[in-house]
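Survey of secondary and tertiary structure
So you can see what is in the structure, the chains are spelled out below.
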Amino acid sequence: METIVQRGYVYAAMPASKEVETYLRQCFGAARKLYNLHVAHLYDYLEKNDYQPGERLPSMKKMQMPSVSTFKKQCVDEHGFPYLYLVDAFASNEAKQHFQKAISAFNKIAYKKQFKKSALQRQKTLRTELTFRDLQGMPRFHSKKGSKASYTTFNQNGTISIREGVLYLPTAQKSPMNEVALTLNMHRPLPKGSSIKNVTVSVNAQGKFYVSLCVAFPKEIALIKQPKQILGIDYSQSHFFVDSEGKKANYPQYYRQAEERLANEQRLLSRRVKGSNRWEKQRLVVARLQTKVANQRKDWLHKKSYALARRYDMVVVEDIDLRSLSQNKRYAKNQQDNGFGTFRLYLQYKLEDRGRRFVKAPKQFPSTQLCSCCGCKNTLLKGDVGIRYWKCPSCEVAHDRDINAAFNLKQYGERHLHESHISA
Ligand SMILES: [Zn+2]
């Protein structure tokens, strides 16, 4: 069956000229500026209306948020410099969507009244008072100094195209630029029949440009009707994951390995005079090391998920909330290092590309607590991650905590398959 699939392709890119680079940086700036104006309006509204922690944030309409064009006009009138009109209109429009997203994300956790750890620390040591600005998840100003800047632009009737390895992006009507061109390092070709939906241009801390192309293309996918090779995988702190065949993923702790060097280089950086030549040089050393760790991780995640997607017809994972895990101080560093969430995403599209299945067991499925032999539920395991091995109280089979959980996930997948067959 031929379906249209959407995928992202990331390429390293080189702005064709200094002017193009300046233009792109102005687009990043416009996206950030507009976002910050939204945040400023929000803070202003909350202050005037005596906002109390725990309350949900008001809708854009309620707080009478000015439209993007009003913001733009205000801004240009104040500074007398029309650069906001000289950049891609999408760059300033996306701010509104991002802001909207940040509001809904906050409203989901507003009831928790949770303050940022750093703010609580500050309250303890400096005795500063906590305000709504210190709430976890509250939309924040985007800093100019942030390591990464980006903007997204959309393809409208062929305004974006690639010709001979050069990507052409739309400019603004009033911009003096005729074309915005970036030379791509096309380390792999786009799939046949690709059409570009949108492009996100970004620059990292090293000053390297990247473009992420979201493309749609037709693909022949034959769904495997009777999956035979089924695997359950259970997330594990120490091994990344453990599968239902008892194998451990053994994730190399790239961050931990580089940690000592990174700490040394960062210490050096802190001793340099900020903004000096030697500081700038050292900043790049740190940025390069961080990029390296991130690339090593990504590479490993791709290879591991590729290996599973080639071998198994169906993989079952649990739908755990990784965010709440990473808030646990003891696990935080490890968790951020190993990126299980990214792994699930890679695995899903790699399986689906091959007509295989990716199944998420629901959050309430007690994969850890069930005995995979008799199905009895051992509630002692709940909340106590210290129990690595246990014996089932009813059938007396000895279990390894992680392998047993992975096995339950596999069984969940088999049942899921059976049920969907009956209903089909
Ligand atoms: Zn049992």
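Worth saying up front: this structure is predicted, and the values here are computed from it rather than measured. (Residues numbered from 1 in each chain as written. Predicted model: local features only at pLDDT ≥ 70, side-chain atom pairs only at ≥ 80, totals over all residues. Heavy atoms only, no water.)

**Regarding the nonpolar core**
Our working definition: Put simply, buried Ala, Val, Leu, Ile, Met, Phe, Trp, Tyr and Cys residues joined by side-chain atoms within 4.5 Å make one nonpolar core. The buried label applies to any residue whose accessible area, calculated with a 1.4 Å probe on protein chains only, is under 20% of its type's maximum; exposed applies above 50%, and partly exposed to all values in between. Numbering goes from the N terminus for both helices and strands, where a helix is a DSSP run of H or I of at least four residues and a strand is a run of E of at least two. Where a domain begins and ends is set by an automatic assignment or by a domain database. Here a residue-residue contact requires only that any non-hydrogen atoms of the pair lie within 4.5 Å.
In this structure, L24, M138, Y151, L169 and V211 are the most contacted members of the largest nonpolar core, which totals 58 residues. Every element with two or more residues in this core is listed here: β1 (2-15), α1 (18-48), α2 (68-79), α4 (89-109), β4 (166-169), β5 (180-185), β6 (195-203) and β7 (209-220). The greatest single-element share of this core, amounting to 14 residues, is contributed by α1. Looking at this core, you find at least three residues from each of domain 1 (2-20 + 148-220) and domain 2 (28-134). Residues within four places of Y151 in sequence aside, it is in contact with Y23, L24, C27, F28, A31, D88, A91, E94, L169, V199, T200 and V201.

**What to know about the sheet that holds strand β8 (residues 230-236)**
Note the threshold: Strand pairing follows a simple DSSP-based rule, namely that at least 2 bridges must link the two strands. Think of each axis as a best-fit line through the C-alpha atoms, taken over the contacting stretch in the case of a helix, with angles from 0 to 180 degrees between the N-to-C directions.
Spatially, β9-β8-β10-β11 is the arrangement adopted by the 4 strands of the open sheet, whose pairing is mixed. In the strand order of this sheet, the two ends are held by β9 (240-243) and β11 (357-361), each with one partner. Between one strand axis and the next, the sheet turns by 30 degrees as a mean value, whatever way the strands run. For strand β10 (residues 314-318) and β11, the ladder comprises 5 bridges, and the chain directions are parallel. Paired with E318 across the bridge in β11 is A361. Against the sheet, helix α7 (residues 277-311) engages β8 and β9, with an angle of about 15 degrees to β9. Running at roughly 140 degrees to β11, helix α10 (residues 340-353) makes contact with β8, β9, β10 and β11 of the sheet.

**Overview of the coordination of the zinc ion**
Worth spelling out the cut-off: Keep in mind that water is not among the atoms, so a site may look incomplete; donors are the N, O and S atoms within 2.8 Å of the metal, or 3.2 Å for Na, K and Ca.
Each protein donor to the zinc ion is listed here as C371 (SG), C374 (SG), C392 (SG) and C395 (SG); together their distances run 2.2 to 2.3 Å. Each donor residue of the zinc ion belongs to the same chain, and together they define the spacing C-x2-C-x17-C-x2-C. Separated by 18 residues along the polypeptide, C374 in the loop between β11 and β12 (389-391) and C392 in the loop between β12 and β13 (398-400) bring together distant segments of the chain. Taking relative accessible area as the criterion, C374 reaches 37% and is therefore assigned partly exposed. On the basis of relative accessibility, which here comes to 2%, the residue C392 falls in the buried class.

**Description of the confidence of the model for the protein chain**
As a reminder, the rule being used: A residue's pLDDT is simply how confident the predictor is in it, with values from 0 to 100.
Mean pLDDT over the protein chain works out to 87, with 94% of the residues at or above the 70 mark. Of all secondary-structure elements in the protein chain, the lowest mean pLDDT belongs to helix α9 (residues 329-338), at 54, while β4 reaches the highest, 95.

**Some words on unusual backbone geometry**
A positive phi is found at F240, a non-glycine position, where the angle reads about 75 degrees. The residue F240 is located in strand β9 in this model. Classification of F240 as buried rests on a relative accessible area of 1%. The phi angle at E396 is positive, at roughly 65 degrees, despite the residue not being glycine. For E396, a relative accessible area of 57% corresponds to the exposed category.

**With respect to the environment of M65**
You can see M65 is positioned in the loop between α1 and α2. Since its relative accessible area comes to 13%, M65 is described here as buried. Excluding anything up to four places from it in sequence, M65 contacts H38, H41, L42, M60, F71 and F99.

**Here we look at the domain arrangement of the protein chain**
Many structure descriptions define interface size as the accessible area lost when the parts assemble. Stated precisely, the cut-off is as follows: By buried area we mean how much accessible surface two parts lose on assembly, using a 1.4 Å probe and totalling the loss over both. Each polar contact in these results corresponds to two N or O atoms within 3.5 Å; when the atoms are within protein, one needs to be able to donate a hydrogen and the other to accept it, and residues that are neighboring in sequence are counted only if both atoms are side-chain atoms. Each residue is assigned to one class: nonpolar for Ala, Val, Leu, Ile, Met, Phe, Trp, Tyr, Cys and Pro, charged for Asp, Glu, Lys and Arg, and polar for all the others, Gly among them.
The domains assigned to the protein chain are domain 1 (2-20 + 148-220), domain 2 (28-134) and domain 3 (230-253 + 298-423). Computed over C-alpha atoms, the centres of domain 1 and domain 2 are 29 Å apart. Taken together, the two surfaces of domain 1 and domain 2 that pack against each other cover about 1,000 Å², and 68% of this comes from carbon and sulfur. When the buried surface of domain 1 facing domain 2 is broken down by residue, Y151, A172 and K174 rank first, second and third, together holding 40% of it. Counting across the domain 1 and domain 2 interface gives 2 residue pairs in polar contact (both at pLDDT 80 or more). Contributions of two or more residues to the side of domain 1 that touches domain 2 are made by β2 (149-154) and β6. No other element matches β2, which puts 6 residues into the side of domain 1 that touches domain 2. Residues of the side of domain 1 that touches domain 2, tallied by class, amount to 8 nonpolar, 6 polar and 1 charged.

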